[in-house]
Amino acid sequence: MAQETLNGLLQYVLVTLPLEDKVWFVQQMEADIRQRQNAEDEYLRQALEHSRQDIAAGRVYTQEQAHQMMDEFVKDKIQSVA
């Protein structure tokens with residue numbers, strides 16, 4: 001349904017709008033894309049910084065330790081239900 005709506009909007013933009021309005025529409029879409037990309041980039045930068053801080057503080061686990069912790073968590077949950 002959403003794809004049909006977008007296709008209808010695209011056809012409207014491509015066929016009926018004058019060039020000036022088409023340019024405005026494209027600029028608005030590009031601005032929205034840039035804004036979303038910048039927000040995603042900032043989120044990734046923050047996640048990377050937090051990871052670096054965790055590593056520097058020694059708050060990291062090996063894959064084996066992580067699996068062991070998950071296994072213990074599941075075991076505890078199963079025991080609490082039983």
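Above this text you will find the structure in question.
Residues numbered from 1 in each chain as written. Predicted model: local features only at pLDDT ≥ 70, side-chain atom pairs only at ≥ 80, totals over all residues. Heavy atoms only, no water.

Caption draft 1: Structural detail: the overall build of the protein. When helices and strands are tallied, the protein shows 3 helices and 0 strands. In summary, the protein has a C-alpha radius of gyration of 25 Å against a globular reference of 12 Å for 82 residues, an excess of more than 25%. When the backbone C-alpha atoms are referred to their principal axes, the protein occupies close to 65 × 40 × 15 Å. When the accessible area of the protein is evaluated, it comes to approximately 7700 Å², of which 58% is carbon and sulfur surface. Computed over 8 positive and 14 negative side-chain charges, the separation of the two mean positions in the protein equals 3 Å. (Helix = DSSP H or I, 4+ residues; strand = E, 2+ residues; numbered from the N terminus. Rg over C-alpha atoms; globule rule 2.2 N^0.38 Å. Areas by Shrake-Rupley, 256 points an atom, 1.4 Å probe, with all protein chains shown as cover. Lys, Arg positive; Asp, Glu negative; His and termini not counted. Charge placed at Lys NZ, Arg CZ, Asp CG, Glu CD.)

Caption draft 2: Molecular detail of the pattern of salt bridges. Throughout the structure, instances matching the rule amount to 3 salt bridges. In this structure, Glu 42 and Arg 45 form a salt bridge, with 3.2 Å as the shortest nitrogen-oxygen distance. Of this pair, Glu 42 and Arg 45 both sit in helix 2 (residues 19-56), 3 residues apart, which is roughly one turn of the helix. Relative accessible area serves as the criterion here: at 34%, Glu 42 is assigned to the partly exposed category. Between Arg 59 and Asp 54 there is a salt bridge, with the nearest N and O atoms lying 2.8 Å from each other. (Salt bridge = Lys/Arg side-chain N within 4 Å of Asp/Glu carboxyl O. Buried < 20%, exposed > 50% of the residue type's maximum accessible area, 1.4 Å probe, protein only.)

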